[in-house]
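Read off the chains here:
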Amino acid sequence: VIILAIETSCDETAASVVKNGSEIISSVVASQMDSHKRFGGVVPEIASRHHTEIITQVMEQAMLEAELPFSKLTAIAVTEGPGLVGALLVGISAAKAVAFAHGLPLIPVHHIAGHIQAAELVKPILYPAMALVVSGGHTELVYMKEPGHMEVIGETRDDAAGEAYDKVARTLGLPYPGGPHLERLAATGEPTVKLPIAWLEPGSYDFSFSGLKSSVINTKHNAEQRGEPFKAEDVAASFQHSVVEVLVEKTKRAALAYDVQQVIAAGGVAANRGLRAALKDAFIGTGIDWTIPPIELCTDNAAMIGAAAYIEWNKQNLADWDLNGKPGLALT
Ligand code: ATP
Ligand code: MG
Ligand code: FE
(Lines give C-alpha, C1' and ligand atoms only; values in the text may rest on other atoms or scores of the structure.)
(Ligands and ions follow the chains in the order given, each with its own letter.)
Protein backbone atom coordinates (compact mmCIF):
# COMPACT_ATOMS: atom_id res chain seq x y z
CA VAL A 1 0.00 0.00 0.00
CA ILE A 2 1.66 3.22 -1.20
CA ILE A 3 0.04 6.50 -0.21
CA LEU A 4 0.75 10.08 -1.27
CA ALA A 5 -0.14 12.19 1.78
CA ILE A 6 -0.76 15.93 1.89
CA GLU A 7 -0.68 18.21 4.94
CA THR A 8 -1.61 21.91 4.95
CA SER A 9 -3.42 22.44 8.27
CA CYS A 10 -1.26 25.30 9.53
CA ASP A 11 1.91 26.91 8.20
CA GLU A 12 3.73 23.94 6.68
CA THR A 13 2.99 22.79 3.13
CA ALA A 14 3.95 19.12 3.10
CA ALA A 15 3.68 16.04 0.90
CA SER A 16 5.06 12.56 1.44
CA VAL A 17 4.97 9.11 -0.07
CA VAL A 18 4.63 6.41 2.60
CA LYS A 19 4.61 2.63 2.20
CA ASN A 20 2.43 0.44 4.44
CA GLY A 21 2.08 3.23 7.01
CA SER A 22 5.59 2.67 8.27
CA GLU A 23 8.19 3.41 5.61
CA ILE A 24 8.93 6.92 4.33
CA ILE A 25 9.74 6.85 0.63
CA SER A 26 9.88 10.64 0.33
CA SER A 27 8.95 13.58 2.54
CA VAL A 28 8.90 17.25 1.56
CA VAL A 29 8.10 20.07 4.00
CA ALA A 30 7.98 23.73 2.95
CA SER A 31 7.75 26.00 5.97
CA GLN A 32 6.22 29.48 5.79
CA MET A 33 7.65 30.46 9.14
CA ASP A 34 9.58 33.44 7.79
CA SER A 35 6.42 35.00 6.36
CA HIS A 36 4.59 34.82 9.69
CA LYS A 37 7.50 35.76 11.95
CA ARG A 38 7.05 39.52 11.72
CA PHE A 39 3.41 39.16 12.81
CA GLY A 40 4.34 37.09 15.86
CA GLY A 41 2.03 34.27 14.85
CA VAL A 42 0.42 32.48 11.93
CA VAL A 43 -1.77 34.80 9.82
CA PRO A 44 -4.49 32.55 8.31
CA GLU A 45 -4.90 34.50 5.05
CA ILE A 46 -1.17 34.49 4.40
CA ALA A 47 -0.98 30.78 5.21
CA SER A 48 -3.69 29.92 2.67
CA ARG A 49 -2.05 32.01 -0.03
CA HIS A 50 1.36 30.42 0.51
CA HIS A 51 -0.14 26.92 0.43
CA THR A 52 -1.85 27.74 -2.88
CA GLU A 53 1.39 29.03 -4.37
CA ILE A 54 3.52 26.05 -3.46
CA ILE A 55 1.32 22.96 -3.03
CA THR A 56 1.74 21.72 -6.63
CA GLN A 57 5.52 21.99 -6.44
CA VAL A 58 5.63 20.23 -3.06
CA MET A 59 3.53 17.32 -4.35
CA GLU A 60 5.62 17.06 -7.52
CA GLN A 61 8.81 17.09 -5.48
CA ALA A 62 7.53 14.29 -3.23
CA MET A 63 6.68 12.14 -6.27
CA LEU A 64 10.01 12.99 -7.93
CA GLU A 65 12.01 11.99 -4.85
CA ALA A 66 9.95 8.82 -4.51
CA GLU A 67 10.84 7.97 -8.14
CA LEU A 68 7.39 6.50 -8.63
CA PRO A 69 4.73 7.05 -11.28
CA PHE A 70 1.22 7.95 -10.05
CA SER A 71 0.08 4.56 -11.32
CA LYS A 72 1.97 2.89 -8.45
CA LEU A 73 -0.03 4.80 -5.81
CA THR A 74 -2.80 3.08 -3.84
CA ALA A 75 -4.49 6.25 -2.60
CA ILE A 76 -4.17 9.95 -1.84
CA ALA A 77 -4.46 11.02 1.82
CA VAL A 78 -5.06 14.49 3.18
CA THR A 79 -5.50 16.22 6.53
CA GLU A 80 -9.21 17.09 6.89
CA GLY A 81 -8.83 18.80 10.30
CA PRO A 82 -8.32 20.26 12.81
CA GLY A 83 -6.53 23.37 11.60
CA LEU A 84 -7.08 26.66 9.78
CA VAL A 85 -10.06 26.18 7.47
CA GLY A 86 -8.57 28.08 4.52
CA ALA A 87 -5.26 26.28 4.87
CA LEU A 88 -6.95 22.86 5.11
CA LEU A 89 -9.01 23.59 1.99
CA VAL A 90 -5.92 24.12 -0.15
CA GLY A 91 -4.58 20.65 0.70
CA ILE A 92 -8.01 19.06 0.33
CA SER A 93 -8.58 20.65 -3.09
CA ALA A 94 -5.15 19.56 -4.29
CA ALA A 95 -5.71 16.03 -2.98
CA LYS A 96 -9.10 15.80 -4.68
CA ALA A 97 -7.65 17.03 -7.97
CA VAL A 98 -4.82 14.50 -7.96
CA ALA A 99 -7.08 11.66 -6.78
CA PHE A 100 -9.70 12.44 -9.43
CA ALA A 101 -7.18 12.82 -12.22
CA HIS A 102 -5.52 9.47 -11.45
CA GLY A 103 -8.65 7.58 -10.44
CA LEU A 104 -7.39 7.04 -6.87
CA PRO A 105 -9.35 6.83 -3.61
CA LEU A 106 -9.15 9.72 -1.16
CA ILE A 107 -8.39 9.10 2.54
CA PRO A 108 -9.31 11.75 5.15
CA VAL A 109 -6.87 11.99 8.08
CA HIS A 110 -7.09 13.64 11.51
CA HIS A 111 -4.04 15.86 12.06
CA ILE A 112 -3.50 14.72 15.65
CA ALA A 113 -3.90 11.05 14.73
CA GLY A 114 -1.11 11.85 12.29
CA HIS A 115 1.13 13.33 14.98
CA ILE A 116 0.63 10.18 17.07
CA GLN A 117 1.06 7.75 14.19
CA ALA A 118 4.45 9.33 13.38
CA ALA A 119 5.72 6.82 15.98
CA GLU A 120 4.99 3.96 13.55
CA LEU A 121 7.56 5.47 11.17
CA VAL A 122 10.20 4.82 13.84
CA LYS A 123 9.19 1.34 14.97
CA PRO A 124 5.96 -0.65 15.28
CA ILE A 125 3.66 0.73 17.96
CA LEU A 126 3.05 -1.78 20.76
CA TYR A 127 -0.57 -1.81 21.95
CA PRO A 128 -2.07 -0.85 24.27
CA ALA A 129 -0.21 2.46 24.05
CA MET A 130 -0.42 5.89 25.65
CA ALA A 131 0.37 8.98 23.56
CA LEU A 132 1.34 12.35 24.98
CA VAL A 133 0.32 14.88 22.34
CA VAL A 134 1.98 18.24 22.85
CA SER A 135 1.64 20.61 19.92
CA GLY A 136 0.84 24.21 19.07
CA GLY A 137 -2.89 23.73 19.51
CA HIS A 138 -3.23 20.51 21.55
CA THR A 139 -2.11 18.96 24.80
CA GLU A 140 -3.68 15.57 25.33
CA LEU A 141 -3.10 12.14 26.76
CA VAL A 142 -4.53 9.62 24.31
CA TYR A 143 -5.08 5.97 25.19
CA MET A 144 -4.89 3.52 22.30
CA LYS A 145 -6.12 0.00 22.96
CA GLU A 146 -5.50 -1.12 19.36
CA PRO A 147 -4.63 0.47 16.00
CA GLY A 148 -7.12 3.22 15.16
CA HIS A 149 -8.63 3.31 18.66
CA MET A 150 -8.00 6.70 20.29
CA GLU A 151 -9.48 7.80 23.58
CA VAL A 152 -8.63 11.22 25.00
CA ILE A 153 -8.24 10.63 28.75
CA GLY A 154 -6.87 14.09 29.58
CA GLU A 155 -6.47 17.43 27.86
CA THR A 156 -5.58 21.03 28.53
CA ARG A 157 -8.25 23.21 30.08
CA ASP A 158 -6.75 26.40 28.67
CA ASP A 159 -3.53 26.90 26.70
CA ALA A 160 -1.82 24.13 24.77
CA ALA A 161 1.78 23.44 25.79
CA GLY A 162 3.15 24.86 22.53
CA GLU A 163 0.94 27.92 22.89
CA ALA A 164 2.32 28.47 26.41
CA TYR A 165 5.88 28.12 25.11
CA ASP A 166 5.18 30.64 22.35
CA LYS A 167 3.47 33.17 24.64
CA VAL A 168 6.13 32.95 27.34
CA ALA A 169 8.83 33.24 24.70
CA ARG A 170 7.18 36.40 23.43
CA THR A 171 7.09 37.81 26.98
CA LEU A 172 10.82 37.14 27.21
CA GLY A 173 11.38 38.98 23.91
CA LEU A 174 12.15 35.91 21.78
CA PRO A 175 11.10 35.56 18.12
CA TYR A 176 8.19 33.43 16.87
CA PRO A 177 7.75 30.48 17.06
CA GLY A 178 9.17 30.71 20.54
CA GLY A 179 9.43 27.05 21.59
CA PRO A 180 12.89 26.29 20.20
CA HIS A 181 14.24 29.74 21.22
CA LEU A 182 12.94 29.33 24.74
CA GLU A 183 14.54 25.89 24.93
CA ARG A 184 17.92 27.35 23.96
CA LEU A 185 17.63 30.21 26.44
CA ALA A 186 16.56 27.80 29.20
CA ALA A 187 19.71 25.75 28.65
CA THR A 188 21.81 28.77 29.72
CA GLY A 189 19.89 29.40 32.97
CA GLU A 190 19.04 27.72 36.26
CA PRO A 191 15.50 26.81 37.37
CA THR A 192 15.70 29.04 40.46
CA VAL A 193 12.49 31.05 39.98
CA LYS A 194 9.44 29.72 41.83
CA LEU A 195 6.65 29.13 39.28
CA PRO A 196 3.39 27.25 39.84
CA ILE A 197 2.58 23.77 38.54
CA ALA A 198 -1.14 23.04 38.02
CA TRP A 199 -1.64 19.43 39.16
CA LEU A 200 -5.46 19.90 39.27
CA GLU A 201 -7.68 17.38 41.13
CA PRO A 202 -6.06 14.13 42.28
CA GLY A 203 -6.35 11.54 39.54
CA SER A 204 -7.00 14.09 36.80
CA TYR A 205 -5.07 13.67 33.56
CA ASP A 206 -5.97 17.19 32.47
CA PHE A 207 -3.47 20.02 32.12
CA SER A 208 -3.51 23.78 32.63
CA PHE A 209 -0.78 26.18 31.57
CA SER A 210 -2.39 29.61 31.73
CA GLY A 211 -1.51 30.11 35.41
CA LEU A 212 2.11 29.32 34.71
CA LYS A 213 2.11 31.70 31.76
CA SER A 214 0.56 34.50 33.84
CA SER A 215 3.10 33.87 36.58
CA VAL A 216 5.97 34.44 34.13
CA ILE A 217 4.36 37.69 32.94
CA ASN A 218 3.86 38.85 36.57
CA THR A 219 7.42 37.93 37.52
CA LYS A 220 8.69 40.10 34.70
CA HIS A 221 6.39 43.06 35.50
CA ASN A 222 7.22 42.94 39.20
CA ALA A 223 10.93 42.94 38.51
CA GLU A 224 10.54 45.87 36.12
CA GLN A 225 8.41 47.88 38.57
CA ARG A 226 10.80 47.31 41.46
CA GLY A 227 13.79 47.94 39.28
CA GLU A 228 15.11 44.52 40.22
CA PRO A 229 17.24 42.42 37.89
CA PHE A 230 15.30 39.98 35.74
CA LYS A 231 17.21 36.98 34.51
CA ALA A 232 15.27 35.78 31.49
CA GLU A 233 17.39 32.63 31.20
CA ASP A 234 16.51 31.56 34.77
CA VAL A 235 12.81 32.25 34.17
CA ALA A 236 13.02 30.24 30.92
CA ALA A 237 14.71 27.34 32.75
CA SER A 238 12.08 27.47 35.52
CA PHE A 239 9.22 27.56 32.99
CA GLN A 240 10.69 24.63 31.11
CA HIS A 241 11.13 22.73 34.38
CA SER A 242 7.49 23.27 35.41
CA VAL A 243 6.08 22.24 32.03
CA VAL A 244 8.24 19.15 31.70
CA GLU A 245 7.54 18.01 35.25
CA VAL A 246 3.76 18.01 34.91
CA LEU A 247 3.79 16.52 31.39
CA VAL A 248 6.10 13.66 32.35
CA GLU A 249 4.49 12.90 35.71
CA LYS A 250 0.95 12.74 34.30
CA THR A 251 2.10 10.66 31.34
CA LYS A 252 3.77 8.21 33.71
CA ARG A 253 0.70 7.96 35.95
CA ALA A 254 -1.55 7.40 32.94
CA ALA A 255 0.77 4.80 31.40
CA LEU A 256 0.88 2.81 34.65
CA ALA A 257 -2.85 3.14 35.37
CA TYR A 258 -3.79 1.96 31.87
CA ASP A 259 -1.11 -0.74 31.93
CA VAL A 260 0.24 0.13 28.49
CA GLN A 261 3.14 -1.50 26.67
CA GLN A 262 4.40 1.68 25.07
CA VAL A 263 4.43 5.44 25.50
CA ILE A 264 4.56 7.76 22.51
CA ALA A 265 5.45 11.44 22.44
CA ALA A 266 3.93 13.45 19.60
CA GLY A 267 3.60 17.02 18.33
CA GLY A 268 5.93 19.99 18.01
CA VAL A 269 6.75 20.34 21.72
CA ALA A 270 8.01 16.72 21.69
CA ALA A 271 10.95 18.24 19.80
CA ASN A 272 12.00 19.76 23.13
CA ARG A 273 15.20 18.10 24.33
CA GLY A 274 14.40 18.60 28.00
CA LEU A 275 11.06 16.87 27.59
CA ARG A 276 12.57 14.06 25.51
CA ALA A 277 15.26 13.36 28.10
CA ALA A 278 12.84 13.51 31.05
CA LEU A 279 10.37 11.15 29.34
CA LYS A 280 13.07 8.58 28.64
CA ASP A 281 14.30 8.77 32.24
CA ALA A 282 10.77 8.35 33.58
CA PHE A 283 10.23 5.03 31.83
CA ILE A 284 13.58 3.39 32.44
CA GLY A 285 12.98 0.35 34.63
CA THR A 286 9.18 0.43 34.30
CA GLY A 287 9.04 -2.27 31.64
CA ILE A 288 7.18 0.22 29.44
CA ASP A 289 8.74 0.89 26.05
CA TRP A 290 8.76 4.38 24.54
CA THR A 291 8.96 6.03 21.12
CA ILE A 292 9.92 9.65 20.73
CA PRO A 293 10.15 10.31 16.98
CA PRO A 294 13.04 12.37 15.58
CA ILE A 295 12.41 16.12 15.69
CA GLU A 296 11.41 16.44 12.02
CA LEU A 297 8.64 13.90 12.63
CA CYS A 298 7.39 15.74 15.74
CA THR A 299 6.70 19.05 14.01
CA ASP A 300 4.20 19.21 11.14
CA ASN A 301 4.97 16.95 8.18
CA ALA A 302 3.05 14.79 5.70
CA ALA A 303 4.77 11.46 6.42
CA MET A 304 2.79 11.24 9.67
CA ILE A 305 -0.41 11.77 7.66
CA GLY A 306 0.63 8.91 5.38
CA ALA A 307 1.20 6.71 8.45
CA ALA A 308 -2.24 7.49 9.90
CA ALA A 309 -3.87 7.09 6.48
CA TYR A 310 -2.76 3.46 6.37
CA ILE A 311 -5.01 2.67 9.36
CA GLU A 312 -7.96 4.43 7.69
CA TRP A 313 -7.22 2.54 4.47
CA ASN A 314 -7.33 -0.79 6.32
CA LYS A 315 -10.74 0.21 7.68
CA GLN A 316 -11.72 1.44 4.19
CA ASN A 317 -12.62 4.78 5.71
CA LEU A 318 -12.60 6.83 2.51
CA ALA A 319 -13.79 10.32 1.64
CA ASP A 320 -16.27 11.40 -1.01
CA TRP A 321 -15.65 14.24 -3.45
CA ASP A 322 -17.52 16.60 -1.14
CA LEU A 323 -14.82 16.29 1.57
CA ASN A 324 -14.54 19.60 3.42
CA GLY A 325 -12.04 21.15 5.86
CA LYS A 326 -13.10 20.64 9.50
CA PRO A 327 -11.30 23.20 11.69
CA GLY A 328 -12.56 21.74 14.98
CA LEU A 329 -12.55 18.03 14.09
CA ALA A 330 -12.56 15.86 17.26
CA LEU A 331 -10.17 12.94 17.67
CA THR A 332 -12.77 10.45 18.87
P1 ATP B 1 -1.60 21.34 16.14
O2 ATP B 1 -0.77 20.16 15.77
O3 ATP B 1 -2.09 21.28 17.55
O4 ATP B 1 -2.67 21.61 15.15
P5 ATP B 1 0.60 22.87 15.16
O6 ATP B 1 0.51 21.91 14.04
O7 ATP B 1 0.75 24.31 14.89
O8 ATP B 1 -0.64 22.63 16.12
P9 ATP B 1 3.07 21.64 15.76
O10 ATP B 1 3.63 21.99 14.43
O11 ATP B 1 2.86 20.22 16.07
O12 ATP B 1 1.78 22.46 16.10
O13 ATP B 1 4.02 22.24 16.88
C14 ATP B 1 4.36 23.61 16.86
C15 ATP B 1 4.57 24.01 18.29
O16 ATP B 1 5.70 23.30 18.84
C17 ATP B 1 4.88 25.49 18.46
O18 ATP B 1 4.11 25.98 19.53
C19 ATP B 1 6.37 25.50 18.81
O20 ATP B 1 6.78 26.58 19.60
C21 ATP B 1 6.52 24.19 19.55
N22 ATP B 1 7.90 23.71 19.56
C23 ATP B 1 8.65 23.36 18.50
N24 ATP B 1 9.89 23.02 18.90
C25 ATP B 1 9.92 23.16 20.26
C26 ATP B 1 10.90 22.97 21.26
N27 ATP B 1 12.12 22.58 20.95
N28 ATP B 1 10.56 23.23 22.55
C29 ATP B 1 9.31 23.62 22.86
N30 ATP B 1 8.34 23.82 21.97
C31 ATP B 1 8.64 23.60 20.68
MG1 MG C 1 3.80 24.83 12.12
FE1 FE D 1 0.60 19.88 14.21
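Residues numbered from 1 in each chain as written. Chains lettered and ligands numbered in written order. Predicted model: local features only at pLDDT ≥ 70, side-chain atom pairs only at ≥ 80, totals over all residues.

1. Focus on the packing of helix 8 (residues 232-257) against helix 9 (residues 273-283)
At step 1: For the pair helix 8 and helix 9, the least separation of the axes is 10 Å and the interaxial angle reads 35°. For the crossing formed where helix 8 meets helix 9, the hand is right-handed. Only Gly274, Leu275, Ala278, Leu279 and Ala282 of helix 9 make contact with helix 8, whose side of the interface consists of Gln240, Val244, Leu247, Val248, Thr251 and Lys252.
At step 2: Class assignment for the residues of the contact of helix 8 with helix 9 results in seven nonpolar, three polar and one charged. (Axes fitted to C-alpha atoms, helices over the stretch in contact; angles between N-to-C directions. Helix = DSSP H or I, 4+ residues; strand = E, 2+ residues; numbered from the N terminus. Left-handed = near helix turned anticlockwise from the far one by under 90°. Contact = placed C-beta atoms within 7 Å. Nonpolar A, V, L, I, M, F, W, Y, C, P; charged D, E, K, R; others polar.)

2. Digging into the site of ligand 1
At step 1: Around ligand 1, the structure places 24 residues, and the nearest of them are Gly136, Gly137, Gly162, Gly179 and Gly268.
At step 2: Elements with a minimum of two residues in the shell around ligand 1: helix 4 (111-117), helix 5 (161-171) and helix 6 (178-186).
At step 3: If you tally residues by element for the shell around ligand 1, the top one is helix 6, at four residues.
At step 4: Classifying every residue of the shell around ligand 1 by side-chain character gives six nonpolar, 15 polar and three charged. (Near = placed C-beta within 6 Å.)

3. Details of the UniProt feature "binding site: substrate" (unreviewed entry) in the protein chain
At step 1: Those places that UniProt annotates as "binding site: substrate" (unreviewed entry) correspond, in this numbering, to Val133, Val134, Ser135, Gly136, Gly137, Asp166, Gly179, Glu183 and Asn272.
At step 2: One can find Gly136 in the loop between strand 6 (129-134) and strand 7 (139-144).
At step 3: With residues near it in sequence (within four places) discarded, Gly136 still touches Ala160, Gly162, Glu163 and Gly268.
At step 4: You can see Asn272 is positioned in the loop between strand 9 (262-266) and helix 9.
At step 5: Among the residues examined, Asn272 registers 27 C-beta atoms within 10 Å and is labelled buried.
At step 6: Setting aside chain neighbours within four positions, we find Asn272 in contact with Gly179 and Glu183. (UniProt positions renumbered as here; feature names shortened; annotations may be inferred. Buried ≥ 20, exposed ≤ 12 C-beta atoms within 10 Å, placed from the backbone.)

4. Topic: the environment of Ala101
At step 1: With respect to the helices and strands, the residue Ala101 is situated in helix 3 (residues 85-102).
At step 2: Given 10 C-beta atoms within 10 Å, Ala101 falls into the exposed group.
At step 3: In this structure the C-alpha to C-alpha distance between Ala101 and Phe70, which are 31 residues apart in sequence, comes to 9.9 Å.

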